Structures are given as C-alpha cells and as structure tokens.
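# Residue-level structural notes
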Amino acid sequence: MIHVRPKHFSDPTFFSPFPTISGKGTRSLSFTSTINYKLPLNTKYQLSSSFQRHYSLNRNSTFSQYLFLSAFSISLLILRLTSTVILPDFSHRWRQLIAFSSQAEAELVDAPDYLFDASVAYEDRRFFSHFGVDAIGVARAVLSLSARGGGSTITQQLVKNTLLKNERTFLRKFVEMVLAVALERRISKLRILSAYLCKIYWGHGIYGINSASKFYFGKHQFRLTLGECALLVGMIPAPEVRSPFRDYIRGKTFQARVLKRMVDGRFLDVEAALSAMRKSDSLKSVKAPENPTKLGLKDSWEWERESSIWEVREEMEKWAMSFTAKEFERTSDLMAKQIPSKKDA
C-alpha cells in the first residue's frame with residue numbers, strides 16, 4: 001500500500017480538505033479517496049447555505065437557457081413553415097400594399113356608393129363589423145366543409161392575392177388570417193375595400209375596377225349605374241365564367257343575386273332593385289380574346305336569349321313579392337309586441 005501525504009500536513013490534529021490517495025496491487029493501481037471533515041457547526045451551515053444558493057442560481061440559469069432555446073426553436077419552426085406560403089419579397093409587397101391602398105382610396109373617391117355596397121353585400125356582409133376574420137363565416141365553412149364557401153373576408157382575399165402563394169393548405173389559411181388581422185390594424189376599412197376593387201381580376205386580362213368599367217361599359221367608374229355595379233360585382237368569384245361577353249344569361253342571373261343580397265343587407269330597397277333589373281345594360285361592343293360576341297345589343301337580338309332574360313326578371317319579381325310579404329309579417333309582429341294588450345292595460 002502506498003500512502004501519499006504532504007509533509008506540511010503531519011500534524012494529526014489538522015484535517016486537510018484534500019483526500020488521501022492509496023493504491024493497491026502491482027500491475028494496476030486503483031485509487032480510493034476518503035474525506036473526513038470535522039468542521040464546526042457554523043462552518044457547515046455556511047457551506048450548506050452557499051451550496052444551496054449556488055444550486056438555485058444554476059437551476060435558474062438552466063431554466064432560462066431551456067426557455068431561450070425553446071423560443072428560438074419555435075421561432076425557427078414558424079419561419080420555416082411560413083416561408084412555404086409567403087412570397088419571397090414579402091416585406092416589399094407589404095409596403096407596396098400600404099402605399100397602393102392610399103392611392104386606391106383617392107382613385108375611388110368619386111365612385112358610386114352602389115359599387116361599395118354591392119361588394120360588401122355580396123362578398124363580405126359583415127365587413128364593417130369584424131376585425132379582419134369573420135368568425136361566423138369560418139364556423140359556417142367548417143360545419144359545411146366549405147360547401148357554401150370558404151368563409152374568407154375581403155381583407156383575407158386581398159392578403160391572399162397580394163402576399164401569399166396559391167396553395168390550398170391549412171397553414172396558408174392560418175397565415176392569411178393573421179396577416180388580415182394585422183392589415184386591419186394598419187389601414188382603414190375604406191382603404192382595404194378600395195385596394196381590393198382596384199387590384200382584383202375582372203376577366204379577359206383586366207385588373208382593377210376602372211379598367212373593367214371601361215372594358216365592359218365604355219365609361220368611367222364614377223358613371224356606373226346600380227345595375228352595372230351589380231353585374232360587375234357578380235363576376236368577382238369567377239370572372240371568366242360569369243363574363244357577360246361569354247354568357248349574358250349567366251351574368252344577369254348573378255346580377256339578380258347581387259341585388260337580392262343588397263336588399264337582404266338593407267343596402268337597397270326592393271323597388272330600386274326591381275328597377276335596376278328591368279333596365280337594359282349598356283354593354284360595350286368588344287372583341288373578347290377567345291370568343292368575339294356582341295351581347296346585350298339590339299342588333300344581336302335573339303329570341304332564346306331574350307326569353308331567358310325575361311325568366312330571370314320574373315324570378316326576381318317573385319322573390320321581391322315574397323320578401324315584401326315576409327317583411328310585412330315581421331313588421332306586424334313587432335308592432336303587435338309593442339302595443340300593450342287590454343289585460344296589461
């Protein structure tokens with residue numbers, strides 16, 4: 001056995017903090033250490049308190065490190081996921097959208113109120129009440145499995161057409177909602193609606209309401225009538241399919257649907273909707289890129305087309321009579337509730 005002990009620790013009453021090292025065997029050495037401290041009680045308490053403070057600091061530091069690493073990892077994951085749905089020049093497009101909204105608002109300052117009312121009534125009837133995302137519309141889309149529409153607001157459609165890629169995924173929908181809320185906090189509702197009308201596609205390679213009004217009716221946007229505004233707004237979901245130059249009857253059908261939505265949303269009364277439906281549309285004679293036609297003009301009158309138009313108008317008049325009867329019943333019920341009965345009197 002080999003004992004290694006410093007010479008200056010020869011005093012037996014002195015207990016060194018260093019361990020005694022001993023080795024056994026000849027070929028290999030195994031070292032064992034024994035520590036035999038005999039410290040006063042107050043010294044042991046001080047060491048214990050110091051050890052607890054040191055352990056507490058290390059534990060807090062370790063927790064902070066884990067928290068930082070977790071936040072950093074989550075941020076990287078979010079950036080990685082959002083990079084798959086956001087366009088590469090997102091920051092530049094965002095600044096452009098803010099500037100474009102101001103220009104669009106100035107451009108549509110003389111536009112008729114029918115244009116804005118028809119857009120809100122047909123595309124997003126709760127546009128002025130939600131915060132960028134329509135919870136009722138989202139719930140309806142989820143319950144009906146998107147059979148009656150995707151539940152997207154006008155703000156969401158503007159964000160999707162400007163800032164995001166064309167991918168139908170849940171991640172893209174979630175990012176679309178977040179950006180819609182952020183855009184609503186950044187600019188006003190009127191600017192969002194103006195930018196939406198000046199940026200969306202109107203068919204035949206046309207973008208913007210001003211170009212659409214000139215292409216379809218040969219006039220500036222501030223001269224559009226109620227019926228013409230309804231005809232244009234009815235094209236928004238599928239402009240190539242609902243174009244009056246491709247299928248005039250289909251265009252009139254969706255024009256009537258827009259007018260009904262306006263009446264339901266209290267943007268319009270029944271008489272004005274019927275008057276707009278009875279008027280003929282002053283469609284411009286143009287050459288469409290694929291199918292040159294002259295629809296809506298006297299020189300291209302066809303009996304089958306005109307009879308279909310009359311059917312659409314008759315269906316609109318029947319709906320108006322039904323709507324008026326329902327409104328009368330509702331008003332009568334409200335008046336009956338407000339008038340006290342003899343027993344109450």
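You'll find the structure just up there.
An account of the accompanying structure is given in this report. (Residues numbered from 1 in each chain as written. Predicted model: local features only at pLDDT ≥ 70, side-chain atom pairs only at ≥ 80, totals over all residues. Heavy atoms only, no water.)

Looking now at the overall build of the chain. Regarding its fold elements, the chain presents twelve helices and three strands. Looking at the chain as a whole, 37% of its 345 residues are labelled buried. Sequence separation of 24 or more characterises 64% of the internal contacts of the chain that already satisfy a separation of 6 or more. (Helix = DSSP H or I, 4+ residues; strand = E, 2+ residues; numbered from the N terminus. Buried < 20%, exposed > 50% of the residue type's maximum accessible area, 1.4 Å probe, protein only. Contact = heavy atoms within 4.5 Å.)

Time to look at the packing of helix 10 (residues 248-264) against helix 11 (residues 270-278). Interhelical geometry of helix 10 versus helix 11 gives an angle of 165° and a closest axis separation of 9 Å. Judged on the interaxial angle alone, helix 11 and helix 10 are roughly antiparallel. Two packed elements cross with a definite hand, and for helix 10 against helix 11 that hand is right-handed. Between helix 10, through Lys252, Gln255, Ala256, Leu259 and Val263, and helix 11, the contact on the second element is made entirely by Val270, Ala273, Ala276 and Met277. Residue classes in the contact of helix 10 with helix 11 are distributed as seven nonpolar, one polar and one charged. (Axes fitted to C-alpha atoms, helices over the stretch in contact; angles between N-to-C directions. Parallel < 35°, antiparallel > 145°, perpendicular 65-115°, else oblique. Left-handed = near helix turned anticlockwise from the far one by under 90°. Nonpolar A, V, L, I, M, F, W, Y, C, P; charged D, E, K, R; others polar.)

Looking now at helix 11. Among all positions of helix 11, only Val270, Ala273, Leu274, Ala276 and Met277 are buried. Looking straight down helix 11, one finds that the buried residues subtend no more than 160° of arc, so they occupy a single side. (Arc of directions from axis to C-beta.)

In this fold, Phe245 is placed in the loop between helix 9 (226-233) and helix 10. The sequence separation of Phe245 and His204 amounts to 41 residues, and the corresponding C-alpha distance is 9.6 Å.

In this section: the packing of aromatic side chains. Applying the stated rule across the entire model yields seven aromatic pairs. Between Tyr216 and Phe245, the ring centres sit 5.2 Å apart and the planes meet at 10°, which makes this aromatic pair stacked. Of the two residues, Tyr216 sits in helix 8 (residues 209-217) while Phe245 sits in the loop between helix 9 and helix 10, which places them 29 residues apart along the sequence. Considered together, Tyr216 and Phe245 belong to a single accessibility category, that of buried residues. Here the aromatic rings of Trp319 and Phe323 are separated by 5.2 Å at their centres, their planes lie at 20°, and the arrangement is stacked. With a gap of four residues between them, Trp319 and Phe323 both fall in helix 12 (residues 303-338), about one helical turn apart. For Trp319, a relative accessible area of 19% corresponds to the buried category. You can call Phe323 buried: its relative accessible area is 14%. Aromatic rings pair up to connect Phe215, Tyr216 and Phe245 into one cluster. In this arrangement the basic side chain of Lys189 is found over the ring face of Phe127, its NZ or CZ atom lying 4.7 Å from the centre. If you follow Arg242 out to its NZ or CZ, it ends over the ring of Phe254, 3.6 Å from the centre. (Phe/Tyr/Trp six-rings, centres within 6.5 Å; stacked < 30°, edge-to-face > 60°. Lys NZ or Arg CZ within 6 Å of the ring centre and 35° of its normal.)

Once that is clear, we can look at the packing of helix 3 (residues 113-123) against helix 7 (residues 189-199). The interhelical angle for the contact between helix 3 and helix 7, taken along N-to-C directions, is 90°, at an axis separation of 11 Å. Classified by the interaxial angle, the pair formed by helix 3 and helix 7 is roughly perpendicular. Residue-level contacts link Leu115, Phe116, Ser119, Val120 and Glu123 of helix 3 to Leu190, Leu193, Ser194, Tyr196 and Leu197 of helix 7. Considered class by class, the residues forming the contact of helix 3 with helix 7 number seven nonpolar, two polar and one charged.

Quick look at unusual backbone geometry now. Of note in this structure, His204 is not a glycine but carries a positive phi near 55°. What makes His204 buried here is its relative accessible area of 9%. Of note in the backbone geometry, Arg266 takes a positive phi value of approximately 65° without being a glycine. Mapped onto the secondary structure, Arg266 falls in the loop between helix 10 and helix 11.

What follows covers helix 9. With eight of its eight residues buried, helix 9 lies for the most part within the structure. Taken together, the buried positions of helix 9 are occupied by Leu226, Gly227, Glu228, Cys229, Ala230, Leu231, Leu232 and Val233. Residues of helix 9 that are buried in the fold lie against helix 3, helix 8, helix 10 and helix 11.

What follows is about the pattern of salt bridges. A complete count under the given rule lists 13 salt bridges for this structure. With a shortest N-O distance of 3.0 Å, Glu327 and Arg330 are connected by a salt bridge. With a gap of three residues between them, Glu327 and Arg330 both fall in helix 12, about one helical turn apart. Since its relative accessible area comes to 40%, Arg330 is described here as partly exposed. Several salt bridges converge on common partners, so that one network encompasses Arg172, Lys173 and Glu176. (Salt bridge = Lys/Arg side-chain N within 4 Å of Asp/Glu carboxyl O.)

Geometric descriptors of this kind do not, in isolation, establish any biological role.
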